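Per-entry structural report
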Amino acid sequence: MPRPSRYAPDTLSRAPHWSDRAACRELDDRSIFFPEDFPKGLVLLVTREAKAVCVRCPVIEACLEAALERPEPNGVWGGLDKDERQTFRRRQQRRRRRNSRRPGGGDVAEVAAGTG
C-alpha cells in the first residue's frame, strides 16, 4: 500500500482555526497591523487603528496567546503592540518565578525532594 502524501490536496477540508474568525480577516488592507512599516509620525495613529479592530474581534484572546507562544516580534496581535507584548511576557515570567519560590509553590528543589 503506498504511503499517503504529507501534502494534502486543497480539496480536503481542514479543521477550523481561530484566525478564520478574526476581525482583521475582513479588512482589505492588513498593513495597519504592522505599524513599524509606516513613517515614524504615523506609527501611533496606525497602532490605534489596528487596536480598534482588535477590540471588536471575537478571537482576541487566542490571537494574543498565539503571539506570546511564538513569540511574535512585530505588529499588533491580540490588541497589544510588540512593546506591550514584551512587557506582558516579562510580567508572566516574573509571576511564575515568584510563585515557584513560595512555600507550596512547587519550588524545583522541593519537587525533586518530593516535599513540594
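Right, let's walk through the structure included here.

Reading guide: rules and limits
- Residues numbered from 1 in each chain as written.
- Predicted model: local features only at pLDDT ≥ 70, side-chain atom pairs only at ≥ 80, totals over all residues.
- Heavy atoms only, no water.
- Helix = DSSP H or I, 4+ residues; strand = E, 2+ residues; numbered from the N terminus.
- Contact = heavy atoms within 4.5 Å.
- Areas by Shrake-Rupley, 256 points an atom, 1.4 Å probe, with all protein chains shown as cover.
- Buried < 20%, exposed > 50% of the residue type's maximum accessible area, 1.4 Å probe, protein only.
- Salt bridge = Lys/Arg side-chain N within 4 Å of Asp/Glu carboxyl O.

Some remarks on the overall build of the chain
- Across its full length, the chain holds 4 helices and 0 strands.
- Along the chain, from the amino end to the carboxyl end, the secondary structure elements read α-α-α-α.
- Contacts spanning at least 24 positions in sequence make up 40% of the contacts within the chain whose residues lie at least 6 apart.
- Per element, the accessible surface of the chain, about 9,100 Å² overall, is 54% carbon and sulfur.

Considering helix α2 (residues 60-69)
- Considered for burial, the residues of α2 that qualify are Cys63, Leu64, Ala66, Ala67 and Leu68.
- Elements in contact with the buried residues of α2: α3 (82-101).

Thoughts on the pattern of salt bridges
- Tallying each qualifying case throughout the model produces 5 salt bridges.
- A salt bridge links Arg25 to Asp20; the shortest N-O distance between them is 3.7 Å.
- Between Asp81 and Lys51 there is a salt bridge; the shortest N-O distance is 3.9 Å. Linking Asp81 in the loop between α2 and α3 with Lys51 in helix α1 (residues 43-55), this pair joins segments that are 30 residues apart in sequence.
- Using a relative accessible area of 18% as the deciding quantity, one classes Asp81 as buried.
- When its relative accessible area of 21% is taken as the criterion, Lys51 is described as partly exposed.
- What you see here is one network of salt bridges that share partners, running through Lys51, Asp81 and Glu84.

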